[in-house]
Amino acid sequence: MESNKNFKILVTGGAGFIGSHVVRRFVTSYPDYSIVNLDKLTYAGNLENLRDIEKMPNYQFIKGDITNMTFVNALFKEHEFDAVIHLAAESHVDRSIQDPLSFVTTNVVGTVNILNAALATWKDHFENKLFYHISTDEVYGSLGESGYFTESTSYDPKSPYSASKAGSDHFVRSYENTYALPVVITNCSNNYGPYQFPEKLLPLMIHNIRNNKPLPVYGTGENIRDWLFVKDHADAIDLVFHSGKKGETYNIGGFNEWKNIDIVRLLCRIMDDKLHRQPGTSEKLIEFVKDRPGHDQRYAIDAAKISSELGWKPSVTFEQGLEITVDWYLENIAWLDHVTSGAYKTYYDSQYRNR
Ligand code: NAD
Ligand code: DAU
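Residues numbered from 1 in each chain as written. Chains lettered and ligands numbered in written order. Predicted model: local features only at pLDDT ≥ 70, side-chain atom pairs only at ≥ 80, totals over all residues. Heavy atoms only, no water.

(A) Molecular detail of the overall build of the chain. Helix and strand counts for the chain come out as 12 helices and 12 strands. On C-alpha atoms alone, the chain measures out to a radius of gyration of 20 Å, which is about the 20 Å that the 2.2 N^0.38 rule sets for 355 residues. Taking the principal axes of its C-alpha atoms as reference, the chain extends roughly 65 × 45 × 40 Å. Evaluated residue by residue, the chain yields a buried proportion of 57% over its 355 residues. Considering only intrachain contacts with a sequence separation of at least 6, the fraction spanning at least 24 residues in the chain is 83%. Total accessible area computed for the chain in this model is approximately 15000 Å², and 50% of it derives from carbon and sulfur atoms. (Helix = DSSP H or I, 4+ residues; strand = E, 2+ residues; numbered from the N terminus. Rg over C-alpha atoms; globule rule 2.2 N^0.38 Å. Buried < 20%, exposed > 50% of the residue type's maximum accessible area, 1.4 Å probe, protein only. Contact = heavy atoms within 4.5 Å. Areas by Shrake-Rupley, 256 points an atom, 1.4 Å probe, with all protein chains shown as cover.)

(B) Region of the structure containing the sheet that holds strand E9 (residues 224-229). In spatial order, the strands read E7-E9-E11; together these three strands make up an open sheet with mixed pairing. The open sheet has two edge strands with one neighbour each: strand E7 (190-192) and strand E11 (257-259). For this sheet the average axis-to-axis angle between neighbouring strands, irrespective of direction, equals 50 degrees. As paired elements, E7 and E9 share three bridges and run parallel to each other. By the bridge assignment for E9, Asn 190 is matched with Trp 227. Where helix H8 (residues 260-274) meets the sheet, it contacts E9 and E11, and its direction lies at approximately 85 degrees from that of E11. (Pairing = 2+ DSSP bridges. Axes fitted to C-alpha atoms, helices over the stretch in contact; angles between N-to-C directions.)

(C) Geometry of the packing of helix H6 (residues 201-210) against helix H12 (residues 343-352). The interhelical angle for the contact between H6 and H12, taken along N-to-C directions, is 100 degrees, at an axis separation of 15 Å. Relative to H12, the element H6 lies roughly perpendicular. Residue-level contacts link Leu 204, His 207 and Asn 208 of H6 to Tyr 344, Tyr 348 and Tyr 352 of H12. Of the residues contributing to the contact of H6 with H12, the split by class is four nonpolar, two polar and no charged. (Parallel < 35°, antiparallel > 145°, perpendicular 65-115°, else oblique. Nonpolar A, V, L, I, M, F, W, Y, C, P; charged D, E, K, R; others polar.)

(D) Representation of the sheet that holds strand E2 (residues 34-39) within the structure. Reading across the sheet, the seven strands line up as E3-E2-E1-E4-E5-E6-E10 and stay open at both edges, with parallel pairing between neighbours. A single partner strand is all that each edge strand has here, and the edge strands are strand E3 (59-63) and strand E10 (249-252). Between one strand axis and the next, the sheet turns by 20 degrees as a mean value, whatever way the strands run. Of the strand pairs in this sheet, strand E4 (residues 83-86) and strand E5 (residues 130-136) are connected by four bridges, and their pairing is parallel. Each bridged residue has a counterpart across the sheet, and for Val 84 the counterpart in E5 is Phe 131. Each of strand E1 (8-12), E2, E3 and E4 is contacted by helix H1 (residues 17-29), which is oriented at about 165 degrees to E2, the strand it contacts most.

(E) The side chain of Asp 94, seen in detail. Considering the arrangement of structural elements, one finds Asp 94 in helix H3 (residues 93-98). Taking relative accessible area as the criterion, Asp 94 reaches 3% and is therefore assigned buried. Separated by 2.7 Å, the side chains of Asp 94 and Arg 292 make a polar contact. Apart from residues lying up to four places away in sequence, Asp 94 is in contact with Tyr 218, Arg 292, Tyr 347 and Gln 351. (Polar contact = N/O pair within 3.5 Å; in protein donor to acceptor, adjacent residues only side chain to side chain.)

(F) Layout of the site of ligand 2. Among the 24 residues in the neighbourhood of ligand 2, the closest are listed as Asp 137, Tyr 161, Arg 292, His 295 and Tyr 352. Contact between ligand 2 and Tyr 218: an oxygen atom at 2.8 Å from a main-chain N or O atom of the residue. At 2.6 Å, a side-chain N or O of Arg 292 approaches an oxygen atom of ligand 2. When isolated, ligand 2 has an accessible area of 700 Å², and the protein chains bury 94% of it. Elements supplying a minimum of two residues to the shell around ligand 2: H6 and strand E8 (215-218). Here the shell around ligand 2 gets three residues from one element, more than from any other, and that element is E8. (Near = heavy atom within 4 Å.)

(G) Fine view of the site of ligand 1. Taken together, 28 residues form the shell around ligand 1, and within it Ile 18, Asp 39, Ser 91, Tyr 161 and Lys 165 come nearest. Note that an oxygen atom of ligand 1 is positioned 3.0 Å from one of the backbone N or O atoms of Thr 42. One of the side-chain N or O atoms of Lys 165 is found 2.7 Å from an oxygen atom in ligand 1. Protein chains shield 97% of the accessible area of ligand 1, which is 830 Å² for the free molecule. Put simply, the parts of the chain that give the shell around ligand 1 at least two residues each are H1, E5, helix H5 (160-179) and E7. The greatest single-element share of the shell around ligand 1, amounting to three residues, is contributed by E5.

(H) Just helix H4 (residues 100-122), in detail. Compared with an ideal rise of 1.5 Å per residue, which puts 23 residues at 33 Å, H4 spans 33 Å between its outermost C-alpha atoms and is within 8% of the ideal. Lys 123 lies just past H4 and shows a positive phi near 40 degrees. (Expected span 1.5 Å × (residues − 1).)

Shown next as structure tokens:
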């Protein structure tokens, strides 16, 4: 997409964790673009994530549900978007194990609704139009001790969440093949950073360490994830949006593999220091609990393609990113307290009660 146009871009899921960083990035970097954030504001969506930019003249928030076809079609008719960056999804693996169908509804049906509306709006006039689908490395399944996910790795999703994301990826790809819809897909590894909902590993552990609560490590803690700072993901999305080749897939990863238990111990050490606790205090909170069913062993992205073709690489080291993240959570206790009141408690009890 040439960046000299006055694009009107629909960002779905822009009130969530990654979406809010993407919205902020586009609103502040491209004053001539108009950014419309469509979000249902589920438990994971929070307008507090965007307080700093909500009054910018090139930004508009619309509350709505991507699974509502009539609403989505009317929205596209009214706005005639040039491009879509599609992030709205149910995103947490443990919730997908509790309630798979809601993942099919949001991630598959919701994506097809947005695809249909884009297709109907653009009506074969695809020049300078783009459907950008944000996906995950989990669609590739689970790795053993060696190897990496590349763009040509076969899909082998193993949880209801990853199966629903794989389904949505296949629909996006099928609209390119069948209708020539201009699409691009990126598959990213585990993100961390400010504004992540504390159901995910890092903010959950930060929250529990601060409150001297048990730190529930699934199984033996040997599972491995490849961690990327969320702002580096937003940078990559900006780059792919403007310079990526239509029809391509790009894998995005942190070149940064960690065993869960090692990352939790590292967090404990950092937070003991920041909270002026005796070294070793927080580690005593670690509890090994019943494993996640079907727990993927290892994810690791080979990000060579986006690096060599588009020149992307992470801008912060893991040490820097983690420091920024922990500081942010400690400085934004009101945000954390707010999102962990109410429905969070019910979820937490049902997820961890009998482990
Ligand atoms: P998130 O759960 O923090 O945010 C999802 C957002 O989507 C929320 O604001 C929610 O309100 C909104 N939403 C959910 N259902 C909706 C609906 N029916 N209609 C409109 N809005 C709806 O998720 P995230 O971690 O920011 O992930 C964003 C995207 O990136 C997802 O597609 C996810 O699969 C993908 N992804 C996430 C990661 C990660 O590590 N978090 C890594 C790779 C890819
Ligand atoms: O890889 C990208 C994916 O990363 C995204 O597509 C998902 O949206 C995102 O949720 C994330 O999935 P994971 O399942 O890897 O993330 P989560 O933070 O839930 O868990 C990370 C690891 O930590 C995983 O091996 C499970 C483990 N874990 C998690 C929680 C919440 C624990 O040991 N204890 C916990 O309490």
